[in-house]
Every structure is written in C-alpha cells, then in structure tokens.
Amino acid sequence: LSSVLYLTRFGCSGVGLALCRRLLEEDGRIHLCIACRDTLKSQATRDLILADYPDAQVSTVEMDVGNLASVLCVARELRCRFQHLDFVYLNAGIMPDPHVNFKALWHGLFTRKVLHMLTTAEGIMTQTDRVNGDGLQEVFATNLFGHFILVRQLEPLLCGNEKPSQLIWTSSSNARKTAFSLSDYQHAKGKESYSSSKYATDLTSVVLNRKFNKQGLYSSVVCPGLVMSNMTYRILPFFLWKLLMPIMWLIRFFANTYTLTPYNGTEAHVWLFKQKPESLDALVKYHSCTSGLGKNYVEPRKIDVDEEIAEKFYEKLLELEKQALERYSDSLD
C-alpha cells in the first residue's frame, strides 16, 4: 500500500481537496496524511474526504511549514508514524500582499508579449515580503526552505527502501530566472519573492535528483496552471475576477495553462502519481493543461536552469540547514 504525505498551508480547499479526492479515485488503498498548520481545517477536509470515501485511510498532522521548529517536530512524529513514504506532495505556499501594476498590464495588452505576460504575470505583479520568527524571508521559508528541511529530516523514510519515493513540488509558470539571484537567494531586496521562491524550487529539485536518485528518491516539479483558488482571489478584488471569468475562458483557447478549476489544476500531480519515477526527466516541469474545449492533459516543458547555479544554491541551502539545526538542536532526536 502507498503512503502519501500532502503538505498545505491554509487547509485543503480548492486544489488540495481536489487532489486528495483524485488520488483516492486512482487508488482507494493509499494512506493519505495531510500536513497543515490549521488543525480545524485539516480535520474538516478529512471529514469531507471520508464522507465520499468512508473506507479511506486519512490522517492529519499539524505543521506550519514556515516555522522551522514546527517542521522539525512534525518530521520526528512522521518518522514514528511511517516506515516509508511513497509520495510527498510539497504544495504549501504563500503569496503575501500581491500588487498588480495595472499600467504595465494595460500597455502589455497591445504588444506581442501579451500571451507571455498573461500566463506568467511577468512585469505586472509584485509582492511584499517580511522576515519571519526564524530570521528568514517569509516567502522563501514557507515556499521552499521549510519543505527542504522536512525532506532532509525524512530521508530515512524516502531513501534506501525497496520501493522508490517521489517528491512532487508545486512550482509555477511564474518561476523565472530573472527574479532569482544567488547573492540574494532569499529575495530580501526584490519585489518578486514568489517568483524567486518558485525558481529556487526548480533548482532544488534538479539537484535532489542528482544527489538521491541512486538511493531511490526522485523529485519532480509541476505547474497547476492558473487556478481560481484562495491565493488567486487575493490578487484582485473578487468582483473583478467575476467580470474577467468569461474573458479567461476565451483566453484558454490560446493559453492552455488557464486550467481555472482545482480539478483541472491537479492533472499533472495525478499523472505523476501513475508514473514510474525512473522514467521521468529531471530537467522537465510537468504542466497541467486544459484545452479550449475542456480536455485535460499534461505538457512537459524544459526547466530554464543553470545546473552550476543549482549546485551552488544547494550548497547555500545546506549551510542554512546547518545553522537551523544548531539553533533547534533540542527539536532533534
């Protein structure tokens, strides 16, 4: 039987709930564990799932992926609960206080780059970041580093087992090399922290495959496309989204990553659940896509990564990990 760990931040509404249901449709025997910082929301999600799948094995753990002490504590709990994890969906993420540059958006509508702009938000969206209680940039800590620490702490459950294990990171089409800087990898000085963190995710996945494939651990990145979720609705006022929805359905004839619904956005996540990890390309991002007529499919696209920079970034993550473990040594076994 497969064990699946699913990480979320605000509870499994939208994409999270859709993915849990779709995974159980594929294999009702899996043990599904939901990790969320909000216990009430994760329990409510568990109840919703069990209402549809009463025989499903669904458990929860309380974890704030943006808090290192919480991550280390839950990692210890998971090592006690499980002997092996087959799939880990690293989906928790934040986009704090997003701002849309409407002037740039308007001008971009009349250029040849309009489709690129509408599918990546390049040049039209920024975020405001802050330092968290661990002294880290909040977006970097939540979208990447907390996941990285968890993976490192769960290595006994992921490596060296008879069955391979698979990490599935939720990246984004907004992950861009131009937003990332090795000298400022936490993006303390920029205004595109979300894009930077997602590009850092791509870099991390590439190196994890180099380091751990021989030990049976495989890593993939997916893009759910543009999904109408709680995170998306915070970018613009709700009434604007209502006005824009008919236009967005039309755009999907030209932009297949406008998946729009949570069910459609999980297509790549579910597809990877059914693949042999040894057959996957470590330098590819798997995009959930929906045709203009509503057909779902997965489109692999090469990741725009410099592998030398990826290695250097990984070394910086290891250095930061060492500092974190020294600080929270009391949370370790």
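Cut-offs used in this document
Residues numbered from 1 in each chain as written. Predicted model: local features only at pLDDT ≥ 70, side-chain atom pairs only at ≥ 80, totals over all residues. Heavy atoms only, no water. Buried < 20%, exposed > 50% of the residue type's maximum accessible area, 1.4 Å probe, protein only. Helix = DSSP H or I, 4+ residues; strand = E, 2+ residues; numbered from the N terminus. Pairing = 2+ DSSP bridges. Contact = heavy atoms within 4.5 Å. Polar contact = N/O pair within 3.5 Å; in protein donor to acceptor, adjacent residues only side chain to side chain. Axes fitted to C-alpha atoms, helices over the stretch in contact; angles between N-to-C directions. Expected span 1.5 Å × (residues − 1). Patch = residues over 30% accessible without salt bridge, like charges linked within 9 Å, V, L, I, M, F, W, Y side chains within 5 Å. Areas by Shrake-Rupley, 256 points an atom, 1.4 Å probe, with all protein chains shown as cover. Salt bridge = Lys/Arg side-chain N within 4 Å of Asp/Glu carboxyl O. Parallel < 35°, antiparallel > 145°, perpendicular 65-115°, else oblique. Nonpolar A, V, L, I, M, F, W, Y, C, P; charged D, E, K, R; others polar. Phe/Tyr/Trp six-rings, centres within 6.5 Å; stacked < 30°, edge-to-face > 60°.

Student: Go over the pairing of strand β1 (residues 3–7) with me, naming the residues and quoting the values.
Tutor: For a regular strand, the rule is simple: side chains alternate between the two faces of the sheet. Burial within β1 is extensive, with five of its five residues counted as buried. Across the two faces of β1 the burial is the same, with S3, L5 and L7 and V4 and Y6 all buried. Bridge count for β1 against strand β2 (residues 31–36) is five bridges, and the pairing is parallel. Along β2, the bridge assignment pairs V4 with L32. Pairing between β1 and strand β4 (residues 87–90): four bridges, direction parallel. Its bridge partner being in β4, L5 is matched across the sheet by V88.

Student: Describe in detail the environment of K302, supporting the description with residues and values.
Tutor: Along the chain, the position of K302 falls in strand β10 (residues 296–302). Ignoring anything within four residues of it in the chain, the contact list for K302 reads D281, L283 and V284. Within the structure, K302 has its side chain in polar contact with the side chain of D281 (distance 2.9 Å).

Student: Give a detailed account of the pairing of β4, specifying residues and quantitative values.
Tutor: Residues F87 and Y89 line one face of β4 and the alternating positions V88 and L90 line the opposite face, and both faces are buried. As defined by bridge partners, β4 adjoins strand β7 (residues 165–170) across four bridges and the pair is classed as parallel. Bridge assignment links L90 to a residue of β7, and that residue is W169.

Student: With reference to specific residues and values, describe the sheet that holds β10.
Tutor: Spatial ordering of the open sheet is given by β3-β2-β1-β4-β7-β8-β9-β10, a layout of eight strands whose pairing is mixed. Here the strands that pair on one side only, and so sit at the sheet edges, are β3 (57–62) and β10. Within this sheet the neighbouring strands show an average axis-to-axis angle of 20°, counted without direction. Lying over the sheet, helix α1 (residues 15–26) contacts β1, β2 and β4, oriented at roughly 170° with respect to β1.

Student: Any details on helix α3 (residues 68–81)? Residues and values, ideally.
Tutor: In this model α3 runs 20 Å from its N-terminal to its C-terminal C-alpha over 14 residues, within 8% of the 20 Å that 1.5 Å per residue would give. Listing the buried residues of α3 in full gives L68, S70, V71, L72, V74, A75, L78 and R79. Summarising the contacts, the buried residues of α3 are in contact with β1, β2, β3, α6 (138–153), α7 (155–158) and α13 (307–327).

Student: Could you give me a rundown of the side chain of R22, with the residues and numbers involved?
Tutor: As for its position among the elements, R22 is in helix α1. On the basis of relative accessible area, R22 is assigned to the buried category, the value being 8%. The residues contacting R22, other than those within four sequence positions of it, are Y263, T266, E267 and V270.

Student: Describe a nonpolar patch on the surface, with residues and values.
Tutor: Together, L115, L250, F253, F254 and L293 give the surface a local cluster of nonpolar side chains, amounting to about 620 Å² of exposed area. Note that F254 resides in the loop between α10 (238–251) and α11 (262–265).

Student: Tell me what's going on with the packing of helix α8 (residues 193–212) against α13, and back it up with residues and numbers.
Tutor: Closest axis-to-axis distance for the α8/α13 pair is 9 Å, and the angle between their directions is 90°. By the angle between their directions, the pair α8 and α13 is classed as roughly perpendicular. Where α8 approaches α13, its residues A200, L203, T204, V207, L208, R210, K211 and F212 are matched on the opposing element by E307, I309, A310, E311, F313, Y314 and L317. Here the contact of α8 with α13 is built from residues that sort into 10 nonpolar, one polar and four charged.

Student: Account for the packing of aromatic side chains, naming residues and giving values.
Tutor: In the structure shown here, the tally under the stated rule is nine aromatic pairs. Ring centres of F140 and Y185 lie 5.6 Å apart, and the angle between their planes is 65°; this geometry places the pair in the edge-to-face category. A residue pair is termed long-range when its members are at least 10 positions apart, and F140 in helix α6 and Y185 in the loop between β7 and α8 qualify at 45 residues. Taken together, the aromatic side chains of F140, F145, F148, F180, Y185, Y199, F313 and Y314 make up a single cluster linked through ring pairs.

Student: Hey, could you go over unusual backbone geometry for me, with residue numbers and the actual values?
Tutor: Not every positive phi belongs to a glycine, and H187 is a case in point at roughly 60°. Tracing the backbone through its elements, the reader meets H187 in the loop between β7 and α8. A positive phi angle, close to 70°, is found at L260, a residue other than glycine. For L260, a relative accessible area of 2% corresponds to the buried category.

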